[in-house]
Amino acid sequence: MTKEDFFQKIQQQLKAQKAFVCYRKPGQALANLLLQQDYTAHELTDFSENGFVFAPFDRNGKTYLIPQNTSETIQFELAEVLITDEETSSDYEGSYVGAEEDQKDHELLVQKGIDAIRDQRFRKVVLSRSELVELNDPSPMPIFKKLLQKYREAFVYCWFHPKTGLWMGATPETLLQVERDRFETMALAGTQVNKGQEQIEWGQKELEEQLLVTDFILNALEGLPEIKIGEISKPYSAHAGTLLHIRTDISGKVSQAEDQSKLIEALHPTPAVCGLPRKEALEFIQKHEHYDREYYSGFLGELNFKTEKKRNGNRRNQENQQFSAILKQTSLYVNLRCMKLKDGDARIYIGGGITRDSDPAHEWMETVNKAQTMKSVLVK
Ligand SMILES: C=C(O[C@H]1C=CC=C(C(=O)O)[C@@H]1O)C(=O)O
C-alpha cells in the first residue's frame, strides 16, 4: 500500500459517510486506521467494549465506539514528509473578522469566573470559546496531513462518525493508559508560548493552576480501593507545538482491568478542562459559556484494544527468538487543540484555566495562541 492509497481509503470512507478514525500516538511513526464496515451507531455502555471511543465533555452525552473486531484495520508508517509545497503555507493569524467582539465576550466571561472564585464558589474553572474559520479549500485530507506532519509529539487524529461529524486534533494530554495492571495518567496545565528559551520560568498563577490538577487527580485516585498509586514525577515543562505546559506524570497499579471504568469516571473531566470542585465549576460552565462544547474537552482513544506484542525471549544463544502475546490495552487522550469541519468551515475550540490571579486580557491571548495550533494547518 502506498501513502496515496492510505489517504484514498480515508477519502472513500468519508464519501460513503461510514465511521472511521485515523490516528497516530505521540512520538510514533505508525498511523492506525479503523474503518467501520456498516452504518450502525455503536454507543458505549459500560467501558467493557473494545474499540476506539469518542466521548463528549458532558458525561451525560453520547459516547460512540468504532468496534475493533468488526472493522477493517490498517497500520501504516507515516513518519516521512507528507505534504507538498503548496500545502505548507498558511496565513491564518490571531486577528480575524469578529475578533474584537469575541475578545470582549471572552474577557467578560473570564472576569465572571474570577469574581466567582473570589466569592469562594470554587477554586478553578476552565472557560472556553469556539471560533469559526471559513475555508477556501475544505478538503480535509491536506489539513490532516499537515497535522500529522507538524505535531509529532501529540496524539494526532481524524475522526468521522455520522452522529458526530468530522473532527481533527493534535492533543498533548493523556487521560489514561492501562496495560495489564499498570496505569498512567498526567496532570497538565499552565501555558506559555515556547520562545526557545533555555531557562523556562513559570509564574505563580500557572504553578498553582497545575498543582490543583495534580492534587485533584491524586485525591480522586486515593478514593478508589482498586488503585495503588506508584510514582509521581516532579512537575516539568512539556512541549506542545509552539506552546509549553507544566506536566506531572502519575502511574500505579490497578487491581483488575475491569476497574478502569472507575478510573475513567474518577478522572473525567479533570480540572485541566473543567475545574475544582468539579460540580460547582461544571455548573458555572453550563450557565455561562453559552455554547455547546460537544466533543471538545471530552476524550478519545483505544479502549480494551487487542494488540499483538512481540517480545524477545531471554534464553541464551537463541538469537532473535521471539514470541508474541495478545495484550489488551487502553490509551485515552483528552480532546484538546481540536476542530470540527462542517460545510466548508472549521470550528476551533480553545479554553484556559482560570484561578483567582487570572487576568482576562492575558487569558484571551492564551486562547488566541492555542487556536494557532489548529489555524497553522488550515489551508486558506
Ligand atoms: C483547555 C485547554 O487546555 C488545557 C490543557 C493544558 C493547559 C491549560 C491551561 O493552561 O489553561 C488547560 O487546562 C485547551 O487547550 O483548550
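Residues numbered from 1 in each chain as written. Predicted model: local features only at pLDDT ≥ 70, side-chain atom pairs only at ≥ 80, totals over all residues.

- As recorded by an unreviewed UniProt entry, the chain carries the name Isochorismate synthase and is attributed to Christiangramia flava JLT2011.

Some details on the overall build of the chain
Thought 1: Scanning the chain from N- to C-terminus turns up eight helices and 19 strands.
Thought 2: The principal-axis extents of the C-alpha atoms in the chain amount to approximately 65 × 50 × 45 Å.
Thought 3: The 380 residues of the chain split such that 41% are buried.
Thought 4: For the chain, the share of sequence-separated contacts (at least 6 apart) that also reach a separation of at least 24 residues comes to 74%. (Helix = DSSP H or I, 4+ residues; strand = E, 2+ residues; numbered from the N terminus. Buried ≥ 20, exposed ≤ 12 C-beta atoms within 10 Å, placed from the backbone. Contact = placed C-beta atoms within 7 Å.)

Details of the site of the ligand
Thought 1: Neighbouring residues of the ligand: 17 residues in total, closest Thr-191, Ala-272, Gly-351, Gly-352 and Gly-353.
Thought 2: Where the shell around the ligand is concerned, the elements lending two or more residues are strand S7 (124–134), strand S11 (182–193) and strand S19 (345–354). (Near = placed C-beta within 6 Å.)

Some words on the sheet that holds S19
Strand pairing within a sheet occurs via backbone hydrogen bonds; the two strands may be parallel or antiparallel.
Thought 1: In spatial order, the strands read S6-S2-S1-S8-S9-S18-S19-S7-S15; together these nine strands make up an open sheet with antiparallel pairing. Strands with a single pairing partner mark the edges of an open sheet, and in this sheet they are strand S6 (72–77) and strand S15 (275–276).
Thought 2: Here strand S9 (residues 165–171) runs beside strand S18 (residues 338–342); their pairing, made up of four bridges, is antiparallel. Looking at S18, one finds that Leu-166 is bridged to Leu-341.
Thought 3: Seen against the sheet, helix H1 (residues 3–15) touches strand S1 (20–24), strand S2 (30–35), S6 and strand S8 (155–161) and runs at an angle of roughly 30° to S2. (Pairing = 2+ DSSP bridges. Axes fitted to C-alpha atoms, helices over the stretch in contact; angles between N-to-C directions.)

Some words on the environment of Asp-46
Thought 1: Counting through the fold element by element, Asp-46 comes out in the loop between strand S3 (42–43) and strand S4 (51–55).
Thought 2: Look at Asp-46 and you get exposed, because 7 C-beta atoms sit within 10 Å.
Thought 3: Residues Asp-46 and Ser-261, spaced 215 residues apart in sequence, show a C-alpha to C-alpha distance of 7.3 Å.

Here's the deal with the pairing of S4
Remember that side chains alternate between the two faces of the sheet whenever the strand is regular.
Thought 1: Burial analysis of S4 places five of its five residues in the buried class, the great majority of the element.
Thought 2: Strand direction decides the pairing type here: S4 and strand S5 (residues 64–67), joined by four bridges, are antiparallel. Paired with Phe-54 across the bridge in S5 is Tyr-64.

Comments concerning the environment of Leu-300
Thought 1: For Leu-300, the position within the fold is in strand S16 (residues 299–312).
Thought 2: Distance in space between the C-alpha atoms of Leu-300 and Thr-185 is 14 Å, their sequence separation being 115 residues.
Thought 3: Setting aside residues no more than four positions away along its own chain, Leu-300 makes contact with Val-53, Phe-54, Ala-55, Tyr-157, Trp-159, Leu-332, Tyr-333 and Asn-335.

Some thoughts on the packing of helix H3 (residues 99–118) against helix H8 (residues 360–375)
Thought 1: Running from amino to carboxyl end, H3 crosses H8 at an angle of 125°, the nearest separation of the two axes being 9 Å. By the angle between their axes, H3 is oblique relative to H8. By crossing handedness, the relation of H3 to H8 is classed as right-handed. Counting all contacts with H3, which are made through Gln-103, His-106, Glu-107, Val-110 and Gln-111, the residues of H8 involved are Pro-360, Ala-361, Glu-363, Trp-364 and Thr-367. (Parallel < 35°, antiparallel > 145°, perpendicular 65-115°, else oblique. Left-handed = near helix turned anticlockwise from the far one by under 90°.)

Things to note about the confidence of the model for the chain
Thought 1: Per-residue pLDDT for the chain averages 91, and the proportion of residues at 70 or more is 91%.
Thought 2: Two summary scores accompany this predicted model of the complex, namely pTM at 0.94 and ipTM at 0.99. (pLDDT = per-residue confidence, 0-100.)

Describing unusual backbone geometry
Thought 1: The omega angle of the peptide bond from His-268 to Pro-269 is -5°, so this bond is cis rather than trans.
Thought 2: Tracing the chain through its elements places Pro-269 in the loop between helix H6 (260–267) and S15.
Thought 3: Positive phi, normally seen in glycine, also occurs at Phe-47, with a value near 70°.

Structural notes on the nonpolar core
Thought 1: In terms of nonpolar packing, the biggest core is built from 90 residues, with Val-21, Cys-22, Leu-147, Val-156, Tyr-157, Met-168 and Leu-300 touching the most fellow members.
Thought 2: Here the element with the most residues in this core is S8; it accounts for six residues. (Core = buried A, V, L, I, M, F, W, Y, C linked by C-beta atoms within 7 Å.)

Re the environment of Leu-65
Thought 1: Along the chain, Leu-65 falls in strand S5.
Thought 2: With 299 residues separating them in the primary sequence, Leu-65 and Trp-364 have C-alpha atoms 34 Å apart.
Thought 3: Ignoring sequence-local partners within four residues, the contact set of Leu-65 consists of His-42, Leu-44, Glu-49, Gly-51, Phe-52 and Val-53.

Structural notes on the pairing of S5
Thought 1: Bridge analysis of S3 against S5 gives two bridges, and the strand direction is antiparallel. When the sheet's bridge partners are listed, His-42 is paired in S5 with Leu-65.

Things to note about helix H7 (residues 278–288)
Thought 1: Those residues of H7 that sit buried are Ala-281, Phe-284 and Ile-285. Down the axis of H7, the buried set is contained in an arc of 100°. They therefore lie on one face. Exposed residues pointing more than 90 degrees away from the buried face of H7 are listed as Lys-279, Gln-286 and Lys-287.
Thought 2: For H7, the elements touching its buried residues are H3, S7 and S15.
Thought 3: Positive backbone phi, at 60°, marks His-290, one or two positions downstream of H7. (Arc of directions from axis to C-beta.)

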